[in-house]
Amino acid sequence: MKPKKQVNEKDGPWQDVLEYFFQPFLEFCFPGWAKQIDWKKGYKTLKGDLPAREGKQICDMLFEVTLLNGKKSILLVHLEIQGQKQKDFPSRMMGDKAAIYKKKKKPVISAAILMDDDPS
């Protein structure tokens, strides 16, 4: 695991959590991606200029990883924190992912952390 760095207050605690727990996050949520990465080589967090929606960054994190075949690769992680139920949330997530891919032409991993009271 990557050592903890200074907390980035501007981007919020979830980005710091994702950066610190990137490997377990991928292993749990996206095991296919995690199996392709040479974790012994570590990973590097990058900053990027990704599309914005309503003045907000929609893709929080960029990671440079080394794949098991020895090639370097960039993974874009679109993390959305959703505190209340919104009817258009799924289509908004899909639109954001498409906008990120269109700009960067790289794979995008999208995840949502749902924190509302609706179990469905």
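These numbers come from a predicted model, not from an experiment. (Residues numbered from 1 in each chain as written. Predicted model: local features only at pLDDT ≥ 70, side-chain atom pairs only at ≥ 80, totals over all residues. Heavy atoms only, no water.)

Draft legend 1. Local environment of the overall build of the protein. Assigned secondary structure in the protein consists of 4 helices and 6 strands. Counted from the first residue to the last, the protein has its helices and strands arranged as α-α-α-β-β-β-β-β-α-β. Within the protein, buried positions represent 35% of all 120 residues. Accessible surface computed for the protein: about 7900 Å², of which carbon and sulfur atoms make up 56%. (Helix = DSSP H or I, 4+ residues; strand = E, 2+ residues; numbered from the N terminus. Buried < 20%, exposed > 50% of the residue type's maximum accessible area, 1.4 Å probe, protein only. Areas by Shrake-Rupley, 256 points an atom, 1.4 Å probe, with all protein chains shown as cover.)

Draft legend 2. Region of interest: unusual backbone geometry. Here Lys105, not a glycine, exhibits a phi torsion of approximately 55°, which is positive. Mapped onto the elements, Lys105 comes out in the loop between helix H4 (89-104) and strand E6 (108-114). Judged by relative accessible area, Lys105 falls into the exposed class, the value being 54%.

Draft legend 3. Region of interest: H4. In this model, H4 (16 residues) spans 23 Å end to end at C-alpha, consistent with the 22 Å of a helix rising 1.5 Å per residue. Phe89, Arg92, Met93, Asp96 and Ile100 are the residues of H4 that are buried. Along the axis of H4, the buried positions cluster into a sector of 100°, meaning they face one direction only. Set apart from the buried face of H4 by more than 90 degrees, the exposed residues are Pro90, Ser91, Met94 and Lys102. (Expected span 1.5 Å × (residues − 1). Arc of directions from axis to C-beta.)

Draft legend 4. Just the pairing of E6, in detail. With 7 bridges connecting them, strand E5 (residues 72-82) and E6 associate as parallel partners. Each bridged residue has a counterpart across the sheet, and for Glu80 the counterpart in E6 is Ala112. Handedness of the E5-H4-E6 crossover: right-handed. (Pairing = 2+ DSSP bridges. Right-handed = clockwise from strand over helix to strand, strands pointing away.)

Draft legend 5. Highlighting helix H2 (residues 22-29). Burial in H2 covers these residues: Phe22, Gln23, Phe25 and Leu26. Projected onto a plane normal to the axis of H2, the buried residues spread over an arc of 165° and lie on a single side.

Draft legend 6. Expanded view of the packing of aromatic side chains. Scanning the entire structure with this criterion turns up 7 aromatic pairs. Ring plane angle 15° and centroid distance 3.7 Å describe the contact between Phe22 and Phe63, whose orientation is recorded as stacked. One end of the pair, Phe22, is in helix H2; the other, Phe63, is in strand E4 (residues 61-66), and 41 residues separate them in sequence. Judged by relative accessible area, which is 0%, Phe22 ranks as buried. Owing to a relative accessible area of 0%, Phe63 belongs among the buried residues under this scheme. Members of the aromatic cluster, connected to one another through ring pairs, are Phe22, Trp39, Tyr43 and Phe63. (Phe/Tyr/Trp six-rings, centres within 6.5 Å; stacked < 30°, edge-to-face > 60°.)

Draft legend 7. Local environment of the side chain of Asp38. On the secondary structure map, Asp38 appears in the loop between helix H3 (31-34) and strand E1 (43-46). Nearest to the buried, unbridged Asp38 among oppositely charged side chains is Lys41, at 4.6 Å. Other than its neighbours up to four places away in sequence, Asp38 contacts Thr66, Leu67 and Leu68. (Lys, Arg positive; Asp, Glu negative; His and termini not counted. Salt bridge = Lys/Arg side-chain N within 4 Å of Asp/Glu carboxyl O. Contact = heavy atoms within 4.5 Å.)

Draft legend 8. Molecular detail of the nonpolar core. The biggest cluster of nonpolar side chains holds 16 residues, and the ones touching the most others in it are Leu18, Phe22, Leu26, Ile37, Trp39, Val65 and Leu75. Only H2, E4, E5 and E6 provide two or more residues apiece to this core. If sequence neighbours within four positions are ignored, Phe22 has contacts with Trp39, Tyr43, Phe63, Val65, Leu75 and Val77. (Core = buried A, V, L, I, M, F, W, Y, C linked by side-chain atoms within 4.5 Å.)

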